[in-house]
Amino acid sequence: MTAYPRNEHDVVSPWIVKLLTNFLKKGHDVSVFTSSYKGLETQVMNGVLVYRFRYAPKGIEDLTHDMAVPERLKQGIKYKLLVLPYILSGLINALIFKPKHDIIHVHWPVPHIVFGLPMKRRWKVPMLLYIHGGELNFLKKLPAPLKKTFIYMMNKADLITVNSSYTKRVAESIGLEVPIEIVPFGNPHADATMYPFKKKNKKTILFVGRLIEVKGIDVLLRAFKIIKKMHPDVELRIVGDGPLKEEIVTLSDELGIPVTLTGYKTGEELKREYLNASVFVLPSKRDKIGQTETLGVVTIEALSYGLPVVASNLGGIPDVIKDKKTGLLFNPGDHEELAEKIMLLLENPEMAGELVRKGQEHVKNNYSWKRIVDKLEQLYIGLLGRYKT
């Protein structure tokens, strides 16, 4: 995988930490093959062997971890030049990595199939791929020969897992012929507690996520201008950070609306944001290069904290938010419809509470970590049985 936490307090890829912690509890041994960050060496973290391969001098070894690699690549030629040594070093290390493992599960197979395939052939063991979605959009834009090469290598896997029905459809559309199973991730931050819906005296709209184009925050700001006229006391809080922060501030000033940008929050601070809010909004859209939300794990988190959700009818979001059942959906980019749906929840707490109740039931039945880990374990056992016979 691309990036694993650098220490026990790092917030990188919290879902994979949650997943591996659950596998450890079931008595399995797990290791992570991943990249270094500014010279960070191989280490053992909470019982997990984290093998880190070096790919550049310490001072410039920061292609990963600080932000998603596609975002990093937009920051200049330096990072584009790091891609080739990243892949070559990863391949060399994959050829010598030991000890032998029983199962290989490759996350973000573009480009990491280049690391997984040599391990599969060396050890003669099953290999699964986990496609998160964004890498498929990147794959589509590669030159035809390179695209065909990656698809060829990915079709050497024994099984593919994906995070949503949307990602599954996209994977099938590009020519992947391997069986595909939907295995989403659950709530990476909260415990198993489901907090009940509570009507708030102060009306607060909450967004949590990276401040990037695909999140559609501009749509939310335009919707908030409409809402503010009808509900002068309502507050909009945007939790997160990212490259569009200045644009968001500029747009909110142009629209004449007060918006609170809190910056990035985790742990108890993030929990308080959820518990104090009235409605959660995920206004995602397609960005300029065609990327969109492939699941929207943050909607699972919001429902777990007792928040009704309004989200875009786009990508993998409808797997979690079933319109008028587990939340409300709106047409992507339609700020007037978004404003209407948010006000509907603000003005109808009984409806909001019922959506939360049904949403939490949906989350418990489909996105609990126990259910996810049990399904993955059964898939692993099935593949191992096939190899033994």
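Everything that follows concerns the structure shown earlier in this document.
Scope of this entry: the structure provided in the associated data block. Predicted model only: the values in this text are computed from it and were never measured.

1. A word on the sheet that holds strand β1 (residues 31-35)
Here is step 1: An order of β1-β3-β2 is seen for the 3 strands of this open sheet, with the pairing classed as mixed. Each edge of the open sheet is held by one strand with a lone partner, namely β1 and β2 (43-45). Neighbour-to-neighbour, the strand axes of the sheet open up by a mean angle of 30 degrees, direction not taken into account.
Here is step 2: One ladder, built from 5 bridges, connects β1 with strand β3 (residues 48-53); its direction is parallel. Directly across from Ser35, in β3, lies its bridge partner Phe53.
Here is step 3: Along the sheet face, helix α3 (residues 77-96) touches β1 and β3 and points at about 130 degrees away from the line of β3.

2. A few points about the pairing of strand β8 (residues 204-208)
Here is step 1: For β8, the buried fraction is high: 5 of the 5 residues fall into the buried class.
Here is step 2: Along β8, one buried face is formed by Thr204, Leu206 and Val208 and the opposite face, lined by Ile205 and Phe207, is buried too.
Here is step 3: Across 2 bridges, β8 lies against strand β11 (residues 279-282) in parallel orientation. Within β11, the residue paired with Ile205 across the bridge is Val279.

3. A word on the nonpolar core
Here is step 1: Ranked by size, the top nonpolar core spans 55 residues in total, and within it Ile205, Leu221, Ile238, Tyr274, Phe280, Leu338 and Ile342 carry the most contacts.
Here is step 2: Sorting elements by how many residues they give to this core places helix α8 (residues 217-230) first, with 7 residues.
Here is step 3: With residues near it in sequence (within four places) discarded, Leu221 still touches Leu236, Ile238, Ile248, Leu251, Ser252, Leu255, Ile257 and Val259.

4. Digging into the side chain of Asn163
Here is step 1: Among the secondary structure elements, Asn163 is positioned in the loop between β6 (159-162) and α7 (165-173).
Here is step 2: At 2.6 Å, the side chain of Asn163 forms a polar contact with the side chain of Thr167.
Here is step 3: Within the local environment of Asn163, its side chain forms a polar contact with the side chain of Thr294, the two groups lying 3.0 Å apart.

5. Here's the deal with the packing of aromatic side chains
Here is step 1: Scanning the entire structure with this criterion turns up 19 aromatic pairs.
Here is step 2: Between Phe23 and Tyr380 the ring centres are 5.7 Å apart and the planes differ by 35 degrees, which places this aromatic pair in the tilted class. Of this pair, Phe23 sits in helix α1 (residues 14-25) while Tyr380 sits in helix α15 (residues 369-388), and the two are 357 residues apart along the sequence. Both residues of the pair, Phe23 and Tyr380, count as buried.
Here is step 3: Note on Phe53 and Tyr86: the rings are 5.3 Å apart at their centroids and 65 degrees apart in plane angle, and the pair reads as edge-to-face. Placement of Phe53 in strand β3 and of Tyr86 in helix α3 is noted, with a sequence separation of 33 residues between them.
Here is step 4: Residue classification places Tyr86 among the buried residues on the basis of a relative accessible area of 4%.
Here is step 5: Joined through ring pairs, the aromatic side chains of Phe33, Tyr51, Phe53, Tyr55, Tyr86, Phe97, Phe115 and Trp123 make up one cluster.

Reading guide: rules and limits
Residues numbered from 1 in each chain as written. Predicted model: local features only at pLDDT ≥ 70, side-chain atom pairs only at ≥ 80, totals over all residues. Heavy atoms only, no water. Pairing = 2+ DSSP bridges. Helix = DSSP H or I, 4+ residues; strand = E, 2+ residues; numbered from the N terminus. Axes fitted to C-alpha atoms, helices over the stretch in contact; angles between N-to-C directions. Contact = heavy atoms within 4.5 Å. Buried < 20%, exposed > 50% of the residue type's maximum accessible area, 1.4 Å probe, protein only. Core = buried A, V, L, I, M, F, W, Y, C linked by side-chain atoms within 4.5 Å. Polar contact = N/O pair within 3.5 Å; in protein donor to acceptor, adjacent residues only side chain to side chain. Phe/Tyr/Trp six-rings, centres within 6.5 Å; stacked < 30°, edge-to-face > 60°.

Such coordinate-based values are descriptive only and should not be taken to indicate function.
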